[in-house]
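# Coordinates in review
The residues making up each chain are set out below.
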Amino acid sequence: MTLVIQQLVNGLALGAVYALFGVGFALILTKMGILNVAHGTFATWGALVAYFAVADVGLPFPLALVVGVVAAGVIGVLTDLVAFEPLRRRNAGLFAPIIASIGMWILLLTVAQAVFGATATSFPDHAVPSGPIKFAGLVILPAQLLNIAAALLVAFGLHLALTRTRFGAAVRAISADPRSATIVGVNAARTLRLVAFTAAAIAGLAGVLAGLSSNNVSFDLGEALLLKGFAAVVVGGYGDIRGAALAGFMIGILEVVSAQYISSGFRDAITFGVLLVILVLRPQGMFGERKLARA
Amino acid sequence: MNLAAWNTTLQFAGVSAIFALSIYASLWTGVLSLAPVFFGAVSAFTFGWVTLTVGLPPVAGLVLAAAGGGLLGVLTAFLVLRLESHYLAMATIALVLIGRVLVLNMEDFTGGVAGTLAPGDLGTWLWCLGCLGLAAYVLARLRGSRFGLAASAVREDPAVAQSLGINPRSVQLVGFVLSGVFGGMAGVLQASFLQFIGPDTFYTHLGFTTLAAVVLGGAFHWLGPIIGAVVFTALPELLRGPLGEFDSIVTGLLLVVIIIYLPRGLVDLRRLRLLRGRGKTAVSE
Amino acid sequence: MSNAIEIEGLVKTFGGLRAVADVDLRVPQGSIYGLLGPNGAGKTTVLNMISGFLTPDQGVIRVHGKETHGLPPHRIAREGVSRTYQNIRLFPGMTVLETVATGAYQRRRSSILGAVLLSRAERRERAEVTAKARALMEQVGITAPPGALAETLSYGDQRRVEIARALAAEPRVLLLDEPTAGMNDAESHQVGELLLTLRGQGLTLVLIEHNMRLVEEFCDQVTVMNSGAVLAVGTLAACLEQPDVREAYFGKRSDARRIETLRRARRG
Ligand SMILES: Nc1ncnc2c1ncn2[C@@H]1O[C@H](COP(=O)(O)OP(=O)(O)OP(=O)(O)O)[C@@H](O)[C@H]1O
Ligand SMILES: [Mg+2]
């Protein structure tokens, strides 16, 4: 029984990172209509910048985390300005942004590799307290608690921001119809930048936490996150940010449990298998109601 | 670069042109699909297995792979065609991810992490150009046909196409079959040239660079993907001197610049027609 | 005379808006039928439901006796329903000839294999389709060369390409959503004459049209809608006698001068 609970905790901590990443990814996908393949590299850059802030500059970890998150956010805004904004202006349709994001993905990944090198490192041991907390026979690491807390906080915070604030209203107006939103007086440019920043900053946070809890910081850290976050969005559904968060946690648990009881080799197979099954069986759930053209 | 290196590079350009045509076949019907990479993986490992373990001749392996690819295209179509654009694209990416997991875990058949060998008999210019020519010929013939016009219509405006009696799903199903056959052939040729295939041979990188090639060359005419593939294979080789291993920076940049400034690619019939139209009015005025 | 289209109790709501509220419509076979009403009356929405672009919330649609509501658009098209669009929808990048030839999809039989092998049947069919497309272009009065990009044509020609594309499907019912919008009087009249010819060939035509002169001259019968509901059915003259129709068109304090303009228009 303790083992089961321990695994649930481990799964939640792992899934928290997926949830976090998935929430940012879903924000861009559902509110801006962009399937952003480059989103994983935002996580990578967040983690790498935070790592250098700790290891080379010598900043304390909390500060380095903020630096990494902001750096990721800025890269997100730049990506939006360079790759997506021109297409938005041209009203380019669905595929063009995907292709532009593939370009940014290749670019950011290769630059990360060029700047930081291909070898993996990890955050120094003293970054966060590493002594496990023992509680009722469970062993919980402070980093695991941090993951779970961050994911819950961000998911619910973002949900509230999107449903209860003026920022949220502006985002909804723009995602429904960018042009009429501008007419009603929503500052479209500022809102779009803010969404891009928020989504990328969340990815950066997910990247830092993923690097911290897996003891592995490398230029391709974001790639695995991208795939899992993507699964979280699809499984969680299109409508609600909280769905992606919930699905992220579920995938984490699924991975830990399946690695324990089935085979660690098939861990990814199971995740992606679930992804495909959901995609195929519940397509209408993913995209809301059937899209209808207006003549 | 010396002549031998160029020879090899151009042969790989030929193979990636077939992959590019495989992506084009779906894109023609309005479907953005990376499934060709999955088709290529399945056919390449099947090819390795039936030739080396079962002992079929390589040519039979190629035919089998092409037919199997078509069948796989049908199955994939049934699986994913009910999805809307973004999710469809995602599902095909998921297929590529799952493909790698399968390769890693079906060790007896694929060699797992270590990969497996493949015979090199078909790794010649003759087979490469033959397959490419066949694919291009089929697409060129289909252009003005009932299917070809319907495919373009579905891509440009599926709702209007439907009001003309065209069922987008069945047009897209045909697109997937063509994509499967071409992807199957490309997988076998890739394996034949490399003579060794592993879990990373057919993965997202291949899919994204091939897609980039299609976009660069132009996704509105079968000639576009071929030209794009040749440029995209040769360009990194040319850049390897000045940029070293980071040549893909240029790939990335190029992709962004093209989709923004040249959204219909290098081979753009529409632009040609526009220019031609302008020329005419200029003369008549 | 039997009806080409029969609609009973048609309802469509968008959010809280009842765009079409309990509409009945009977379009006699072989007639030119006008669907009138001020902006936002729900005319296009009715057309969208007939052609299957929208699924009705309630109601029955029968085309030549067969229930079509709920069928996908391509199945409805195969029942012989073709249409044009209020805001022109051509295929970017296609030439006029290709666009019209695309309309002939349902009439072509050749297979993929035939096309690849360029069989005799395929060659014959391509020649036939090209000839047919050219004939249709001529019939609807397109002056631009067949190889021109459809989207570069004049407004009027673009509308005519849409009509030709719809006719290439050899429909029994043709739905036209403001086919003369943006055309001058002479051009509009030409479209009217075309409608007469098509009716002579046995087609049933449903016409959404704001040009009263044209409606008066060419429509056998009309239905006037307002705010999603049917106000009047009958000949245009009879409908215009109804006060609520005038009110719908001209507001409460009916503008005598505009009515007078209309009267004059009706007299020709
Ligand atoms: N897809 C849609 N979503 C939301 N509202 C719609 C949609 N289509 C139509 N409407 C609304 O339904 C009402 C009827 O629209 P419709 O286009 O049918 O009018 P119409 O009679 O064709 O007017 P017009 O003469 O301006 O073309 C309008 O208020 C319109 O805004
Ligand atoms: Mg209308």
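Fair warning: this is a prediction, and the values are worked out from it, not measured in the lab. (Residues numbered from 1 in each chain as written. Chains lettered and ligands numbered in written order. Predicted model: local features only at pLDDT ≥ 70, side-chain atom pairs only at ≥ 80, totals over all residues. Heavy atoms only, no water.)

This part is about the packing of helix α1 (residues 2–32) of chain A against helix α9 (residues 221–236) of chain A. Residues and elements named next belong to chain A. It is at 8 Å that the axes of α1 and α9 come closest, and there the two elements cross at 70°. When the axis of α1 is compared with that of α9, the two are roughly perpendicular. The way α1 lies across α9 gives a crossing that is right-handed. For the pair α1 and α9, the contacting residues are Val17, Tyr18, Phe21, Gly22, Phe25, Ala26 and Leu29 in the first and Leu225, Leu226, Lys228, Gly229, Phe230, Ala232 and Val233 in the second. Taken together, the residues that form the contact of α1 with α9 break down as 11 nonpolar, 2 polar and 1 charged. (Axes fitted to C-alpha atoms, helices over the stretch in contact; angles between N-to-C directions. Helix = DSSP H or I, 4+ residues; strand = E, 2+ residues; numbered from the N terminus. Parallel < 35°, antiparallel > 145°, perpendicular 65-115°, else oblique. Left-handed = near helix turned anticlockwise from the far one by under 90°. Contact = heavy atoms within 4.5 Å. Nonpolar A, V, L, I, M, F, W, Y, C, P; charged D, E, K, R; others polar.)

A few words now on the packing of aromatic side chains. One pass over the full model with this rule turns up 14 aromatic pairs over all chains. Aromatic pair tryptophan 45 of chain A and phenylalanine 116 of chain A: ring centres 5.5 Å apart, planes at 75°, arrangement edge-to-face. Residue tryptophan 45 of chain A is located in helix α2 (residues 39–55), and its partner phenylalanine 116 of chain A is located in helix α4 (residues 95–116); the two are separated by 71 residues in the primary sequence. For tryptophan 45 of chain A, a relative accessible area of 12% corresponds to the buried category. On the numbers, 5.1 Å between centres and 55° between planes, the contact of phenylalanine 52 of chain A with phenylalanine 116 of chain A is tilted. Taken together, the residues span a long stretch of sequence, with phenylalanine 52 of chain A in helix α2 and phenylalanine 116 of chain A in helix α4 at a distance of 64 residues. The exposure class of phenylalanine 52 of chain A is partly exposed, given its relative accessible area of 29%. Of the residues examined, phenylalanine 116 of chain A reaches a relative accessible area of 19% and is grouped as buried. An aromatic cluster is built from Trp45, Tyr51, Phe52, Phe61, Phe116 and Phe123 of chain A, whose rings are joined through pairwise contacts. Across from the ring centre of phenylalanine 53 of chain C, 4.8 Å away, lies the NZ or CZ of arginine 83 of chain C, which sits over that ring. (Phe/Tyr/Trp six-rings, centres within 6.5 Å; stacked < 30°, edge-to-face > 60°. Buried < 20%, exposed > 50% of the residue type's maximum accessible area, 1.4 Å probe, protein only. Lys NZ or Arg CZ within 6 Å of the ring centre and 35° of its normal.)

Contact with chain B, which involves 36 residues of that partner, is made by 47 residues of chain A. Overall, the association of chain B and chain A removes approximately 3900 Å² of surface from exposure, summing both partners, and the carbon and sulfur fraction of that is 83%. Looking at the side of chain B facing chain A, the largest losses of area belong to His86, Tyr87 and Met90 of chain B, adding up to 19% of the total buried there. In this assembly, chain B and chain A are joined by 0 salt bridges. Inspection of the chain B/chain A interface yields 2 residue pairs in polar contact (both at pLDDT 80 or more). Elements with a contribution of two residues or more to the side of chain B that touches chain A: α4 (85–105), α10 (204–217) and α12 (248–261) of chain B. Per element, the largest residue contribution to the side of chain B that touches chain A is 11 residues, and it comes from α4 of chain B. Of the residues belonging to the side of chain B that touches chain A, the class tally is 26 nonpolar, 7 polar and 3 charged. (Buried area = accessible area lost by both parts, 1.4 Å probe. Salt bridge = Lys/Arg side-chain N within 4 Å of Asp/Glu carboxyl O. Polar contact = N/O pair within 3.5 Å; in protein donor to acceptor, adjacent residues only side chain to side chain.)

So, about the environment of glutamate 255 of chain A. All names here are of chain A. With respect to the secondary-structure elements, glutamate 255 resides in helix α10 (residues 241–261). Spatially, the C-alpha atoms of glutamate 255 and glycine 168 are 33 Å apart, while their sequence positions differ by 87 residues. In contact with glutamate 255, other than residues within four places in its own chain, are Leu14, Tyr18, Lys228, Arg267, Asp268 and Thr271.

In this section: the interface of chain B and chain C. Listed by partner, the interface residues are 30 residues for chain B and 34 residues for chain C. Buried area between chain B and chain C, summed over both chains or domains, comes out near 2900 Å², and the portion from carbon and sulfur atoms is 62%. Together, Arg146, Leu164 and Arg273 of chain B form the three largest contributors to the area buried by chain B at its contact with chain C, with a combined 26%. Put simply, chain B and chain C have 1 salt bridge between them. Between aspartate 157 of chain B and arginine 89 of chain C there is a salt bridge, and its shortest N-O distance comes to 3.0 Å. Where chain B packs against chain C, one counts 9 residue pairs in polar contact (both at pLDDT 80 or more). In terms of residues, the side of chain B that touches chain C owes the most to one element, helix α7 (residues 146–156) of chain B, which gives 7 residues. Broken down by class, the residue content of the side of chain B that touches chain C amounts to 15 nonpolar, 7 polar and 8 charged.

This paragraph deals with the coordination of the magnesium ion (ligand 2). All names here are of chain C. The magnesium ion (ligand 2) binds to the protein through Thr44 (OG1) and Gln86 (OE1), with metal-donor distances spanning 1.9 to 2.1 Å. A residue pair is termed long-range when its members are at least 10 positions apart, and threonine 44 in helix α1 (residues 43–50) and glutamine 86 in the loop between β6 (81–83) and α3 (96–103) qualify at 42 residues. Residue glutamine 86 is classed as partly exposed on the basis of its relative accessible area, which comes to 30%. (Donors = N, O, S within 2.8 Å, 3.2 Å for Na, K, Ca; no water.)

Another point: unusual backbone geometry. At glutamine 195 of chain B, a residue that is not glycine, the phi angle is positive and equals roughly 60°. Relative to the assigned elements, glutamine 195 of chain B resides in the loop between α9 (168–194) and β2 (196–197). The phi dihedral of histidine 64 of chain C falls on the positive side, at around 50°, and the residue is not glycine. Along the chain, histidine 64 of chain C falls in the loop between β4 (58–63) and β5 (66–67).

Here we come to the confidence of the model for chain B. For any part of a model where pLDDT is low, the fine detail of the predicted coordinates should not be relied upon. Summing up the model confidence of chain B, the mean pLDDT is 88 and the portion of residues at 70 or higher is 95%. Counting interchain partners and residues more than four positions distant, the pLDDT-below-50 stretch residues 280–285 of chain B has 0 contacts. (pLDDT = per-residue confidence, 0-100.)

This next bit is on the site of ligand 1. Lining the immediate environment of ligand 1, one finds 14 residues, of which Gly40, Lys43, Thr44, Thr45 and Gln86 of chain C sit closest. Proximal residues around ligand 1 fall on chains A and C, making this an inter-chain site. One of the backbone N or O atoms of glycine 40 of chain C is found 2.8 Å from an oxygen atom in ligand 1. One of the side-chain nitrogen or oxygen atoms of glutamate 178 of chain C is found 3.5 Å away from an oxygen atom of ligand 1. Relative to its free-state accessible area of 640 Å², ligand 1 is covered by the protein chains to the extent of 73%. Of the residues forming the shell around ligand 1, the biggest block, 3 residues, is contributed by α1 of chain C. Classifying every residue of the shell around ligand 1 gives 4 nonpolar, 7 polar and 3 charged. (Near = heavy atom within 4 Å. Areas by Shrake-Rupley, 256 points an atom, 1.4 Å probe, with all protein chains shown as cover.)

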